[in-house]
Amino acid sequence: MPLQRSRSTPSPAGKLVANGNSQGTTPARLKPGQVALAFIYFEMGGNPPPRNAKSIFTAQRAAPGTESFDSADIKVTEAERSGQRLVGTAENTNSKELEGPYGELLSEHGTYAAPDGPLAANGSVSYSIDLYGQPCPTFLVGSTAYFK
């Protein structure tokens, strides 16, 4: 099921100082008990929350769809280090054709897989993530797309 997360950060006095929402998760669809990675974007007016602020997370769920622009997961079938890059492939294991961009998430960085055109059921795309000289002793790769 798709999962959206929002986060509020109240100050110790109980006053709300920040609120934000994710723009999706990787993977985009979760089964009960599974976890995903997400970025949460805050509307803060330029001031960071106090150091002792407490965070509250709320997860929302909806039944997964397969209409145009609904999120779809792509199974990462290979992920390897190659010099200063992570490279690999991902396969469409859904029963419907998908549409790019096909995203791969790395820490705070993302990239796009290729080709960017329609991806038939059981088709695959490849990706290459530049590490820009940063160490990367371990990694986790996930990929998403949209139903066509």
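Each remark here, short or long, concerns the structure printed above.
Bear in mind that the values here come from a model prediction, so they are computed numbers and not experimental data.

*Asks:* Just checking my understanding: could you explain the environment of Asn19 for this structure?
*Replies:* In this fold, Asn19 is placed in strand 2 (residues 16–22). Considering only alpha carbons, one finds Asn19 and Phe42, 23 residues apart in sequence, at a separation of 5.5 Å.

*Asks:* Explain the pairing of strand 5 (residues 71–82) to me, please; I cannot follow it from the model alone.
*Replies:* Relative to strand 10 (residues 143–147), strand 5 runs antiparallel, the two being bridged by four bridges. Note on strand 10: the bridge partner recorded for Ile74 is Ser143. Bridging between strand 5 and strand 6 (residues 85–91) involves seven bridges; their strand directions are antiparallel. Residue pairing for strand 6: Ala79 is matched across the bridge by Gly88. Between strand 5 and the antiparallel strand that follows it, strand 6, lie two residues; Gly83 among them carries a positive phi value of about 65°.

*Asks:* Got a minute to help me understand the environment of Val141 in this structure?
*Replies:* Mapped onto the secondary structure, Val141 falls in the loop between strand 9 (124–130) and strand 10. In this structure the C-alpha to C-alpha distance between Val141 and Lys75, which are 66 residues apart in sequence, comes to 9.8 Å.

*Asks:* What's the story with the pattern of salt bridges in this structure? I'm lost.
*Replies:* Evaluation of the coordinates by the stated rule reveals one salt bridge. For the salt bridge of Arg85 with Asp130, the shortest nitrogen-to-oxygen distance reads 3.0 Å. Separated by 45 residues along the polypeptide, Arg85 in strand 6 and Asp130 in strand 9 bring together distant segments of the chain. The exposure class assigned to Arg85 is partly exposed, which follows from its relative accessible area of 32%. On the basis of relative accessibility, which here comes to 27%, the residue Asp130 falls in the partly exposed class.

Cut-offs applied
- Residues numbered from 1 in each chain as written.
- Predicted model: local features only at pLDDT ≥ 70, side-chain atom pairs only at ≥ 80, totals over all residues.
- Heavy atoms only, no water.
- Helix = DSSP H or I, 4+ residues; strand = E, 2+ residues; numbered from the N terminus.
- Pairing = 2+ DSSP bridges.
- Salt bridge = Lys/Arg side-chain N within 4 Å of Asp/Glu carboxyl O.
- Buried < 20%, exposed > 50% of the residue type's maximum accessible area, 1.4 Å probe, protein only.

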